Amino acid sequence: MGKRRLDVTNGGAGGDASGGTSDGTPGTGGSSGADEGGAERGGTPAGQGSTIRRRAFLIGGAAAVVGGGTIAVLAGQDQATRLWYQVPGVEKPRRPGELDHPGAEWVAASSANWRRADRPDDFAVDRVIIHVVQGSYRTALKVFKDPAHQAATHYVVRKDGHVAQMIRELDVAYQAGNRSYNERGVGIEHEGFVDRPEDFTDDMYESSARLTAGICRRYAIPVDRTHIIGHVEVPGTDHTDPGPHWDWDRYMKLVRAAREKLETQSPSPSPTGA
Ligand SMILES: [Zn+2]
């Protein structure tokens, strides 16, 4: 507690360089200290894992097997047409400045702090990871725009509830110090310090809860503490955020309420946010 080290950072012991990865790929870097560790940024091509994962995916519960670029089995043609963008290898269109969270301000992170992906098709998105900056909103934006930082989250929430989106949810942010959790997670930073409960304002809780509710809706993520976790709960991390003053009961209540409200507002979720 009381640590003032910036949360998502490439400094010191913040990385997972020693931990390897969940899919057995050994960490190869170690010297960079990057948040993702050597396995992500070092000798082992990150694309290798995604290529393997691209060979099998699910459409409407039926397995579609892809080999040599052709689909061997498809559940239903109409479904396949409707979900054309879910066919591996067909990258979803994207425009600069496009947002996933309505109302957010787009502030692009340096491309050195994330990697291009095509989620949720290459990697399922099933975790929302809650962080606290250990610094200000401005500091978070500044370091996430810095290519030397080698870490960033998708979103940063300010004390007044303002949200910056810095990385598309399609893409993998170097946020958790764990490759698997980076690939499956959407990360939200919150302005403030873990040992200053007064930093977690009503506006921040409410705005963040709406953001998390939207993410849960887009990817059909259950609203529970298995799927909405703190950075501290990521396997292998030495980070403590969001810390003991983050009011999880209150937060989850707000997320559930926001999630229900979203359901009544518009009927069909958009996987890409648009
Ligand atoms: Zn964190």
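Just so it is clear, the structure is predicted and the values come from calculations on it, not from any experiment. (Residues numbered from 1 in each chain as written. Predicted model: local features only at pLDDT ≥ 70, side-chain atom pairs only at ≥ 80, totals over all residues.)

S.K.: Is there a simple way to think about the pairing of strand β10 (residues 185-190) in this case?
M.R.: It is a general feature of regular strands that their side chains alternate between the two faces of the sheet. Buried residues dominate β10, accounting for six of its six residues. Burial of β10 is two-sided: the residues Gly-185, Gly-187 and Glu-189 facing one way and the residues Val-186, Ile-188 and His-190 facing the other way are all buried. Relative to β10, strand β6 (residues 127-132) is paired through six bridges, and the arrangement is parallel. Looking at the pairing, Ile-129 lines up with Gly-187 of β10. Bridging between strand β7 (residues 155-157) and β10 involves three bridges; their strand directions are parallel. (Buried ≥ 20, exposed ≤ 12 C-beta atoms within 10 Å, placed from the backbone. Helix = DSSP H or I, 4+ residues; strand = E, 2+ residues; numbered from the N terminus. Pairing = 2+ DSSP bridges.)

S.K.: What am I meant to see in the sheet that holds β6 here?
M.R.: Working definition: the strands of a sheet are paired by backbone hydrogen bonds and lie parallel or antiparallel to each other. Ordered in space as β4-β8-β7-β10-β6-β11, the six strands form an open sheet in which the pairing is mixed. Each having just a single partner strand, β4 (105-106) and β11 (228-230) make up the two edges of the open sheet.

S.K.: Sorry, what's going on with the confidence of the model for the protein here?
M.R.: Caution applies to low-pLDDT parts of the model: their predicted coordinates are not meant to be read in detail. When the pLDDT values of the protein are averaged, the result is 77; 65% of them are 70 or greater. Counted against residues more than four places away or in other chains, residues 11-82, with its pLDDT under 50, gives 120 contacts. (pLDDT = per-residue confidence, 0-100. Contact = placed C-beta atoms within 7 Å.)

S.K.: Mind showing me how you'd approach the nonpolar core here?
M.R.: With 52 residues, the main nonpolar core has Val-128, Ala-152 and Tyr-155 as its most contacted residues. Breaking this core down by element, the ones donating at least two residues are β6, α4 (137-144), β7, β8 (163-165), β9 (172-173), β10, α6 (202-219) and α7 (248-265). When residues of this core are assigned to their parent elements, the largest contribution, eight residues, is made by α6. (Core = buried A, V, L, I, M, F, W, Y, C linked by C-beta atoms within 7 Å.)

S.K.: Could you clarify how one ought to interpret the environment of Asp-122 in this entry?
M.R.: Locating Asp-122 in the fold gives a position in the loop between β5 (114-115) and β6. Separated by 62 residues in sequence, Asp-122 and Arg-184 have C-alpha atoms that sit 9.9 Å apart.

S.K.: Got a minute to help me understand the packing of α6 against α7 in this structure?
M.R.: In a pair of packed helices, the angle between the axes and the distance between the axes together describe the arrangement. Contact geometry of α6 with α7 gives a least axis separation of 8 Å together with a crossing angle of 55°. In terms of their interaxial angle, α6 and α7 are classed as oblique. Crossing handedness for the pair α6 and α7: right-handed. Contacts between α6 and α7 involve Tyr-205, Glu-206, Ala-209, Arg-210, Thr-212, Ala-213, Gly-214, Cys-216 and Arg-217 on the former and, on the latter, Arg-250, Tyr-251, Leu-254, Val-255, Ala-258, Arg-259 and Leu-262. Along the lines of polarity and charge, the residues of the contact of α6 with α7 split into nine nonpolar, two polar and five charged. (Axes fitted to C-alpha atoms, helices over the stretch in contact; angles between N-to-C directions. Parallel < 35°, antiparallel > 145°, perpendicular 65-115°, else oblique. Left-handed = near helix turned anticlockwise from the far one by under 90°. Nonpolar A, V, L, I, M, F, W, Y, C, P; charged D, E, K, R; others polar.)

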